[in-house]
Amino acid sequence: MPSGRGFGGDMAAAAASANSDMFDEIVMAEERFHGEGYQEGYAEGSHVGVIEGRRYGSLHGAKIGSEIGCYLGFALTWQCLLQKCMDEKNSKKIRVLDSLIGMIQKFPYEDPTYDKLQEDLEKIRGKFKQMNHLENEKCYS
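About the cut-offs
- Residues numbered from 1 in each chain as written.
- Predicted model: local features only at pLDDT ≥ 70, side-chain atom pairs only at ≥ 80, totals over all residues.
- Heavy atoms only, no water.
- Helix = DSSP H or I, 4+ residues; strand = E, 2+ residues; numbered from the N terminus.
- Buried < 20%, exposed > 50% of the residue type's maximum accessible area, 1.4 Å probe, protein only.
- Contact = heavy atoms within 4.5 Å.
- Areas by Shrake-Rupley, 256 points an atom, 1.4 Å probe, with all protein chains shown as cover.
- Core = buried A, V, L, I, M, F, W, Y, C linked by side-chain atoms within 4.5 Å.
- Patch = residues over 30% accessible without salt bridge, like charges linked within 9 Å, V, L, I, M, F, W, Y side chains within 5 Å.
- Salt bridge = Lys/Arg side-chain N within 4 Å of Asp/Glu carboxyl O.
- Phe/Tyr/Trp six-rings, centres within 6.5 Å; stacked < 30°, edge-to-face > 60°.
- Lys NZ or Arg CZ within 6 Å of the ring centre and 35° of its normal.
- Axes fitted to C-alpha atoms, helices over the stretch in contact; angles between N-to-C directions.
- Parallel < 35°, antiparallel > 145°, perpendicular 65-115°, else oblique.
- Left-handed = near helix turned anticlockwise from the far one by under 90°.
- Nonpolar A, V, L, I, M, F, W, Y, C, P; charged D, E, K, R; others polar.

Caption draft 1: Looking closely at the overall build of the chain. Helix and strand content of the chain: 3 helices and 0 strands. Going residue by residue from the N terminus, the α and β elements of the chain occur as α-α-α. For the chain, buried positions account for 21% of its 141 residues. A separation of at least 24 residues holds for 64% of the contacts in the chain among residues at least 6 apart in sequence. Total accessible area computed for the chain in this model is approximately 10800 Å², and 59% of it derives from carbon and sulfur atoms.

Here you go:
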């Protein structure tokens, strides 16, 4: 038995379905493009972030290395100079220098994930300042 719609009714339904599918494709295209754009932007941002992070890390690491190298050169030079004239005042300076050199030698250059890196760096800076203070105490008698 015919459905009552006939051949023309099936074509109208097919046309309506095609229009509906086309409309859905347009709506879904916007969502799809938004999703694809987000993924591409996220990937590009992640890539640029890694590059920028490496550059910043290298620069910051080089600055810290240069700073610590300066402290070590200072400490080793003064250690050599002070050992030539040992007295009580110089023995205190040598103990501070030995401590500074030991702290520098234990500093974790190879481990940027070391959780106390900044804390240890501040201790080294403090010891360096202590040595500078001792060295600036001139005794004019």
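Now, onward.
Caption draft 2: Spotlight on the side chain of Asn90. Along the polypeptide, Asn90 turns up in helix α2 (residues 88-106). Leave out the neighbours within four places in its chain, and Asn90 touches Leu82 and Cys85.

Caption draft 3: Spotlight on the nonpolar core. In this structure, Ile68, Leu97, Leu100, Ile104, Phe107, Ile124 and Met131 are the most contacted members of the largest nonpolar core, which totals 19 residues. Elements represented by at least two residues in this core include exactly α1 (6-83), α2 and α3 (117-136). Setting aside anything within four residues of it in sequence, one finds Leu97 in contact with Phe74, Ala75, Trp78, Gln79, Leu82 and Met131.

Caption draft 4: Highlighting a nonpolar patch on the surface. Where nonpolar side chains cluster on the molecular surface, the patch consists of Phe23, Val27 and Met28 and spans about 280 Å² of accessible area. Within the secondary structure layout, Val27 lies in helix α1.

Caption draft 5: Structural context of the packing of aromatic side chains. Here the structure, examined in full by the defined rule, presents 4 aromatic pairs. Both rings, one in Phe107 and one in Tyr109, keep their centres 5.5 Å apart while their planes meet at 70 degrees; by these two values the pair is edge-to-face. Within the aromatic cluster, the residues linked to one another by ring pairs are Tyr71, Phe74 and Phe128. Across the ring face of Phe33, the terminal group of Arg32 is positioned such that the distance to the ring centre comes to 4.8 Å.

Caption draft 6: Examining the packing of α2 against α3 more closely. Between α2 and α3, the least distance of the axes is 10 Å, while the angle of their chain directions is 160 degrees. One way to sum up the angle between α2 and α3 is to call them roughly antiparallel. Seen from above, α2 lies across α3 with left-handed handedness. Contacts from Lys92, Lys93, Val96, Leu97, Ser99, Leu100, Met103 and Ile104 in α2 reach Lys123, Ile124, Lys127, Phe128, Gln130, Met131, Leu134 and Glu135 in α3. Here the residues of the contact of α2 with α3 sort into 9 nonpolar, 2 polar and 5 charged.

Caption draft 7: Looking closely at the side chain of Lys93. In this structure, Lys93 sits in helix α2. Excluding its chain neighbours within four sequence positions, the residues that come into contact with Lys93 are Leu82, Met131, Leu134 and Glu135.

Caption draft 8: The pattern of salt bridges, seen in detail. On inspection of all chains with the given rule, the structure shows 4 salt bridges. Of the charged contacts in the structure, one is a salt bridge between Arg32 and Glu36, with a shortest N-O distance of 3.6 Å. With a gap of 4 residues between them, Arg32 and Glu36 both fall in helix α1, about one helical turn apart. The class for Arg32 is partly exposed, based on a relative accessible area of 45%. For Glu36, a relative accessible area of 38% puts it in the partly exposed group.

Any link to function would need more than the numbers given here.
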